[in-house]
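Survey of secondary and tertiary structure
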Amino acid sequence: MEFGQTAAQRDRCRTIRDAGEYDWQRLGELGVLGAAIPVEHGGRGLGALDTALVFEAAGYGCHDTGLIFAAGAHLFAVALPIAAFGSESQKKKLPGLCDGTLIGANAMTEPDAGSDIGALKTTAVRNGDDDGYVLNGMKSFVSNGPIADVYVTYAVTDPTAGHLGTTGFVVDAGTPGLVRGEPFGKLGMNGCAAGTVEFRDCAVPEDAVLGNGSLVFQHGMLWERACLFAIYLGVQDRLIERCIRHVKQRKQFGRRLSDFQSVSNRVVDMRLRLESARLLLYKACWAIDQDDLAVLPAALSKLAVSQAAVQTALDAVELFGGRGYQTGEGIEEHLRDAVGGLIFSGTSDIQRQLAALELGL
Amino acid sequence: MSDEYHRDVLEKLTELVRDEFLDGEDEELTATTPLMEWGILKSIETTRLVTYVRTEFGVRVPPAQVTTENFRDLQSIAGLVTALRG
Ligand SMILES: Cc1cc2nc3c(=O)[nH]c(=O)nc-3n(C[C@H](O)[C@H](O)[C@H](O)COP(=O)(O)OP(=O)(O)OC[C@H]3O[C@@H](n4cnc5c(N)ncnc54)[C@H](O)[C@@H]3O)c2cc1C
C-alpha cells in the first residue's frame, strides 16, 4: 500500500525560470547579480562591505529567499572567480552574468567530497590530440545546476599534489558530455533549483582553465561566507518586524502578547542576536576590503549569522504559534530556508575548525 | 643573515610538521620530503602552516603564493618565507 505524497510532490522545486525570468533580470537591473564585479565588465564595482549591504537589502526586500540565494551563488562562486582569475575571453561572459542574461552555477561538491574538498574524484586529463582537457566525474549538489548557462567546476589535474593539485574550469552548458540532472527536492531555498552535474568525457579547451582550484575556490568561499550571508540579515530584519507587529496585535488572556514579558524578551533576544551577527559580518567584509586577515572573521561571521537565522526563524514560529507552523502564513518557510545556511559554504563544524586553525590551536 | 634566517625557518617548520602533522614520527622527514605527494600537507595542514608562518615569523603568505611549487617540500616553503620577508 502506498500513501502520502512524496517530498517532491509536497514541496515543488521552483526554478528561477519558473519564478519568472523577469525576477532574475530585475536582480540584474538592480545591480545585485554583478554587485562586486568591476564596472568595466558590467558590474557595480563594489567592495565586500557594500556588496553585503546590497545583499542585505535584497534579503529584506525580496520575499523569495531562494532566489536571492541563487543570485549569491551565481555572483560569489561564478562571476567573482571569473572576474578575479579569468582570461580575457572568460571575462566576456561577465556582462551577461551581471545583467541577468546568463545564470552561473558552482560545481564543487561530490558524493565523496563535501567538507573534504581535497578528496575530489573528478579528473581533468590532458586531451591527447588537442589542446585542452577531458573532464570526468560527478558533482552532487549544484545550486542553479539544472538551469545554468555557465559552470565553474573543479577537477584533479595533478594527483601527486594533494589539494593543490586541482584546477578550476569554466564550462558552458551545452558542452557535449556535461549532463545535468533534474532539480532534486530539498528542505528549503526552493526558489533556487539544485541538482547533479556530471561530466562524461567532457572535452574543454585550454581556455576553460580558470586557475589553481584551491586558490580560486577559497577566494570565492571567503566572499560567500562574508557577503552572501548578509541575505540572512535582511531576512531576519523583515521577520522580526513581522513578529513585533504580530505580538502587538494579537491578544490572549485579554492582553497583548507583547505585554507578557517572556514574549517581549524573546523579541529582544532575537534583535540582540541579529545585531551581534550583523557587526561580525560587517567586520569580516571590512577585513576583505582592507586586504586584512579575513579567514577568522569570516568563519565567525558565518557561524553567528547562520545560527542566528535558524534561532530567529524558530522563535518566529513560536511567537506565531499554530499559525507559525502553517505553511500558508509564510513564517515556517524562514526556518526551512535558514537550515541550509548551517551547511553550505562550509558547515558549522568546518567554520569552527578554520577558526581553531587561525587561533593556532 | 639570510642563510641563517632560512636555516632557522627550516628548522622550525620541520619541528611543526614532525610534532603536529606526523605525531612526532619523523624517521623519513627531510627538507626535500614531498609533502603534497605523501599526503602530509592536506588542506587543513596547509592552513595551519600558513597561520604558523604568520604568527611565528610575522610573514604573510598571499593566497596566490600557496602553489604546488612553493609548498612542495620544507625546503621550498622555507625559501618562500625567506623571500617574502624581503
Ligand atoms: C542549500 C545548499 C546549497 C548548496 N549549494 C552548493 C553549490 O552550489 N555547489 C556545491 O558544490 N555544493 C553546494 N552545496 C553542498 C555543500 O557545500 C556541502 O553539502 C557541504 O560542503 C557539506 O558537505 P557534505 O554534504 O558532503 O557533508 P559532509 O562533509 O559529509 O559532512 C557531514 C557532517 O560531518 C561533519 N564533518 C565533516 N568533516 C568534519 C571535520 N573534519 N570535523 C568536524 N566535522 C566534520 C560536517 O560538519 C557535517 O555535520 C550546497 C548545500 C546546501 C545545503
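It should be emphasised that the depicted structure is a prediction, and the values quoted were computed from it without experimental measurement. (Residues numbered from 1 in each chain as written. Chains lettered and ligands numbered in written order. Predicted model: local features only at pLDDT ≥ 70, side-chain atom pairs only at ≥ 80, totals over all residues. Heavy atoms only, no water.)

1. Here's the deal with a negative patch on the surface
Together, B:D23, B:E25, B:E27 and B:E28 make up a region of like negative charge exposed at the surface. Mapped onto the fold, B:D23 is located in the loop between α1 (2-21) and α2 (43-57). (Patch = residues over 30% accessible without salt bridge, like charges linked within 9 Å, V, L, I, M, F, W, Y side chains within 5 Å. Areas by Shrake-Rupley, 256 points an atom, 1.4 Å probe, with all protein chains shown as cover. Salt bridge = Lys/Arg side-chain N within 4 Å of Asp/Glu carboxyl O. Lys, Arg positive; Asp, Glu negative; His and termini not counted. Charge placed at Lys NZ, Arg CZ, Asp CG, Glu CD. Helix = DSSP H or I, 4+ residues; strand = E, 2+ residues; numbered from the N terminus.)

2. As for the UniProt feature "domain: Acyl-CoA oxidase/dehydrogenase middle" (unreviewed entry) in chain A
In the numbering adopted here, UniProt assigns the feature "domain: Acyl-CoA oxidase/dehydrogenase middle" (unreviewed entry) to residues 106-202 of chain A. Helix makes up 0% of residues 106-202 of chain A and strand makes up 44%, while its end C-alpha atoms are separated by 17 Å. (UniProt positions renumbered as here; feature names shortened; annotations may be inferred.)

3. Examining the interface of chain A and chain B
If you look at the interface, chain A gives 14 residues, while chain B gives 18 residues. Between chain A and chain B the total buried area reaches about 1500 Å² when both faces are included, carbon and sulfur atoms providing 62% of it. Our count for the chain A to chain B interface comes out at 2 salt bridges. The salt bridge partner of B:R60 is A:D291, with a shortest N-O separation of 3.9 Å. Connecting chain A to chain B are 6 residue pairs in polar contact (both at pLDDT 80 or more). If one sorts the elements of the side of chain A that touches chain B by residue count, helix α14 (residues 348-358) of chain A sits on top with 3 residues. (Contact = heavy atoms within 4.5 Å. Buried area = accessible area lost by both parts, 1.4 Å probe. Polar contact = N/O pair within 3.5 Å; in protein donor to acceptor, adjacent residues only side chain to side chain.)

4. What to know about the packing of α14(A) against α2(B)
Viewed as axis vectors pointing N to C, α14(A) and α2(B) meet at an angle of 30°, and their least axial separation amounts to 9 Å. As judged from the angle between their axes, α14(A) and α2(B) are roughly parallel. Relative to α2(B), α14(A) is oriented so that their crossing is right-handed. Contact residues: A:Q353, A:L357 and A:E358 in α14(A); B:I44, B:T47, B:R48, B:T51 and B:R54 in α2(B). Here the contact of α14(A) with α2(B) is composed, by residue class, of 2 nonpolar, 3 polar and 3 charged. (Axes fitted to C-alpha atoms, helices over the stretch in contact; angles between N-to-C directions. Parallel < 35°, antiparallel > 145°, perpendicular 65-115°, else oblique. Left-handed = near helix turned anticlockwise from the far one by under 90°. Nonpolar A, V, L, I, M, F, W, Y, C, P; charged D, E, K, R; others polar.)

5. Considering the packing of α1(B) against α2(B)
Residue and element names in this part refer to chain B. For the pair α1 and α2, the least separation of the axes is 11 Å and the interaxial angle reads 140°. Comparing the axis directions of α1 and α2 gives the class oblique. α2 is crossed by α1, and the crossing has right-handed handedness. On α2, the residues that touch Y5, V9, K12, L13, L16, V17, E20 and F21 of α1 are E45, R48, L49, Y52, V53, E56 and F57. Taken together, the residues of the contact of α1 with α2 break down into 10 nonpolar, no polar and 5 charged.

6. A closer look at the domain arrangement of chain A
All names here are of chain A. Domain parsing of chain A yields domain 1 (7-99), domain 2 (104-212) and domain 3 (229-358). The interface is formed by 26 residues belonging to domain 1 together with 25 residues belonging to domain 2. In this assembly, domain 1 packs against domain 2 so that about 2000 Å² is buried in total across both faces, 61% of it on carbon and sulfur atoms. With its nearest N and O atoms 2.9 Å apart, the salt bridge here joins D172 to K93. Taken together, domain 1 and domain 2 are joined by 8 residue pairs in polar contact (both at pLDDT 80 or more). Looking at the side of domain 1 that touches domain 2, the element that brings in the most residues is helix α5 (residues 65-85), giving 12 residues. When grouped by side-chain class, the residues that make up the side of domain 1 that touches domain 2 number 12 nonpolar, 8 polar and 6 charged. (Domains from an automatic or database assignment.)

7. Topic: the pattern of salt bridges
Residue and element names in this part refer to chain A. Under the counting rule described, the total for this entry stands at 23 salt bridges over all chains. The shortest N-O distance in the salt bridge between R126 and E206 comes to 2.6 Å. On the criterion of sequence distance, the pair formed by R126 in strand β2 (residues 123-126) and E206 in the loop between β7 (194-204) and β8 (209-212) is long-range, its members being 80 residues apart. Across the pair E318 and R266 runs a salt bridge whose closest N-O atoms are separated by 3.3 Å. Residue E318 is found in helix α11 (residues 295-320), and its partner R266 is found in helix α10 (residues 261-289); the two are separated by 52 residues along the sequence.

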